[in-house]
Amino acid sequence: HSRPTAARSAGCRVIVHVDLDCFYAQVEMIRNPELRDKPLGVQQKFIVVTCNYEARKLGVKKLMPIKEAKEKCPQLILVNGEDLTPYREMSYKVTELLGEFCPLVERLGFDENFVDITEIVEKRLNQLQQSGCSRVSVSGHVYNNQAIDLRDTTHLRLVIGSQIAEELREAVYARLGLTGCAGVASNKLLSKLVSGTFKPNQQTVLLPESCPDLIRGLDHIQKVPGIGYKTSKRLETLGVRTVCDLQAFPSAVLEKELGVSVAQRLQKLSYGEDESPVTPSGPPQSFSDEDSFKKCSSEVEVKEKIEELLPSLLDRIHKDGRQPHTVRLTIRQFSSTEKWINRESRQCPIPPRLIPKFGKESSNLISPLVDILMKLFRKMIDVAQPFHLTLVSVCFSNLKDLPSSKKGSIGFYLKPMSSPSRPGKRVQEVEDVSQAEESVSWNQNCNRTGTTKTRKLSEEQKINIKQAGVPDLPLHSSPGAIDQEVFRELPEDIQKEILSGKT
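Source: prediction; values computed, not measured.

*Asks:* So what exactly am I meant to see when it comes to the side chain of Asn187 here?
*Replies:* With respect to the element layout, Asn187 can be found in the loop between strand S9 (180–185) and helix H7 (188–195). Residue class for Asn187 comes out buried when judged on its relative accessible area of 0%. A polar atom in the side chain of Asn187 sits 2.7 Å from the backbone nitrogen of Leu190. Setting aside anything within four residues of it in sequence, one finds Asn187 in contact with Arg13, Ile15, Gly272, Glu273 and Asp274.

Now the structure itself:
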């Protein structure tokens, strides 16, 4: 059945997807210019996570085992990339620079950004029309070498968008020394898909008429951004493996299997339709770090892994200036069949007595945090039985600004309570999007993720809270206008003063 071309139904938006070339390797070459023009690989554990194009010419590929990479390229230079700090810092510099051109910049990982340049395009289009100048040329490639019709305002907008995309890439190179690819299209989905057509350090514009060819050229539905591993496996059980399969699949059957909203979203994606806005990322909503390994099979090893992750995490939180109120532990148990997704998480509130220490007494935080995280670990693993972990991850979330009032005044403690969340409401995390399905609602505290319960705590939940180091407080004992976590930390005489209503 026919369908309006995705680009024409998107309201004439112009979106740029900027994807930096071999990002980690570029950062290492900037840090040490002597590495330029030499085959370079960035190593994490036993894997080359990325390599520069000199190494790729000699047969080295991303995610190749070190041993195999050395066999392919004996002269390969390896740099340890397990400390992500330099990559993270450069990543934010790129986003900040793009934000100088346009406020609508959305981060996607360390090396990708979406930029909505629609308003800039409109201004330049008006200037062109007012000047009477009709001569404008495309920057970079046109997907499928499609002919441009400058009488078509959609074509004209995308051509102007290609010029702006080139300016963005030139600015990133001039200011930061980084090269990258770019895709210019009418939405986020299409701009991301088309950006990698020509690599490295090139860009491609997608005209609306070529959208069907781009989408149908994907060899598997998992290549469609927005369709993850679990969803693709479920679609495969329905006989849906390609984009064409998804387009032709009966909508009613898909809605019955996946739910109406998911089914409709997936079928729109299969036609290149994506109405999602470019949402400025702002500061991170969580801080996480992880360590992967071949085997970890004792409590002592798990504790050591957690102790190794915490210092850098606490340092990042200190630099950010906000205080986290939730901590989450994620583990991955060995599985020969589900290598990448066999993860499990637990999280709980951070005890109020520890929160003020973030940023000030970080060294004093490690021991109590390790105790809390080990209690979460024991809720997932029966340590009396053999276990085999291949990953440990720690995440701090629910970040809040430092209170602006002075602690000397009672007013500092009298802050409004946030409205209670509905049962089963999930915590949204920007960092570590892959684990969004595993996040847990506040009222579940330390219970199994992915389940929903009512706000009324069972006796078992109260025990779980206590075991995770969170002080219990009778709900009726604190005034409604006071944050209960802050109220717990007040001196007893001030608590009585507030409760008596004399303040």
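*Asks:* It is not clear to me how helix H13 (residues 299–320) should be interpreted in this structure. Could you clarify?
*Replies:* Residue pairs spaced three or four apart in an α-helix point in one direction, given the helix's 3.6 residues per turn. Along its 22 residues, H13 runs 31 Å from first to last C-alpha, staying within 8% of the 32 Å computed at 1.5 Å per residue. A maximum bend of about 30 degrees is found in H13 at Leu310, where proline Pro311 lies one to four positions downstream. Residues of H13 that are buried in the fold lie against helix H4 (85–101), strand S11 (286–296), strand S12 (326–333), helix H14 (366–380) and strand S14 (389–397).

*Asks:* Got a minute to help me understand the packing of helix H1 (residues 23–31) against H4 in this structure?
*Replies:* Packed helices, taken two at a time, are described by their axes: the angle between them and the distance between them. Where H1 contacts H4, the axes come no closer than 10 Å and their chain directions differ by 95 degrees. Taken together, the axes of H1 and H4 are roughly perpendicular relative to one another. Together, Phe23, Tyr24, Val27, Glu28, Ile30 and Arg31 of H1 and Pro86, Tyr87, Met90 and Ser91 of H4 make up the contact between the two elements. The residue makeup of the contact of H1 with H4, split by class, is seven nonpolar, one polar and two charged.

*Asks:* Got a minute to help me understand unusual backbone geometry in this structure?
*Replies:* Residues other than glycine predominantly adopt negative phi, and peptide bonds predominantly adopt the trans conformation. Between Lys199 and Pro200 the backbone carries a cis peptide bond, its omega angle lying at -15 degrees. Within the secondary structure layout, Pro200 lies in the loop between H7 and strand S10 (203–205). Of note, Cys22 is a non-glycine position whose phi angle comes to about 25 degrees, a positive value. In this structure, Cys22 sits in the loop between strand S1 (15–20) and H1. According to the relative accessible area criterion, Cys22 is buried, its value standing at 10%. A positive phi is found at Leu63, a non-glycine position, where the angle reads about 65 degrees. On the secondary structure map, Leu63 appears in the loop between helix H2 (53–57) and strand S4 (64–65). Take Leu63: its relative accessible area is 61%, and that puts it in the exposed class.

*Asks:* Mind showing me how you'd approach the pairing of S9 here?
*Replies:* One face of the sheet, then the other: side chains in a regular strand alternate in exactly this way. Summarising burial for S9: six of the six residues are buried, a large majority. Alternating residues of S9 divide into Gly180, Ala182 and Val184 and Cys181, Gly183 and Ala185, and every residue in both groups is buried. Of the strand pairs in this sheet, S1 and S9 are connected by six bridges, and their pairing is antiparallel. Each bridged residue has a counterpart across the sheet, and for Leu20 the counterpart in S9 is Gly180. Note that S9 and S10 share three bridges and pair parallel. For Val184, the partnering residue across the bridge sits in S10 and is Val205.

*Asks:* Can you help me understand the nonpolar core in this one?
*Replies:* Generally speaking, nonpolar side chains in soluble globular proteins are found buried as a group. With 43 residues, the main nonpolar core has Val16, Phe23, Val115 and Leu178 as its most contacted residues. For this core, the secondary structure elements donating two or more residues are S1, H1, strand S2 (40–44), H4, helix H5 (118–131), helix H6 (153–176) and S9. Of all the elements, H6 adds the most residues to this core, at nine residues. Other than its neighbours up to four places away in sequence, Leu178 contacts Leu20, Phe23, Gln26, Ile30, Met90, Val94, Val172 and Tyr173. Residues Leu313, Ile350, Leu369 and Val392 belong to the second largest nonpolar core, which totals 34 residues.

Basis of the calculations
- Residues numbered from 1 in each chain as written.
- Predicted model: local features only at pLDDT ≥ 70, side-chain atom pairs only at ≥ 80, totals over all residues.
- Heavy atoms only, no water.
- Helix = DSSP H or I, 4+ residues; strand = E, 2+ residues; numbered from the N terminus.
- Buried < 20%, exposed > 50% of the residue type's maximum accessible area, 1.4 Å probe, protein only.
- Polar contact = N/O pair within 3.5 Å; in protein donor to acceptor, adjacent residues only side chain to side chain.
- Contact = heavy atoms within 4.5 Å.
- Expected span 1.5 Å × (residues − 1).
- Bend = angle between axes of the 7 residues up to and from the residue.
- Axes fitted to C-alpha atoms, helices over the stretch in contact; angles between N-to-C directions.
- Parallel < 35°, antiparallel > 145°, perpendicular 65-115°, else oblique.
- Nonpolar A, V, L, I, M, F, W, Y, C, P; charged D, E, K, R; others polar.
- Pairing = 2+ DSSP bridges.
- Core = buried A, V, L, I, M, F, W, Y, C linked by side-chain atoms within 4.5 Å.

Geometric values such as these leave the question of function open.
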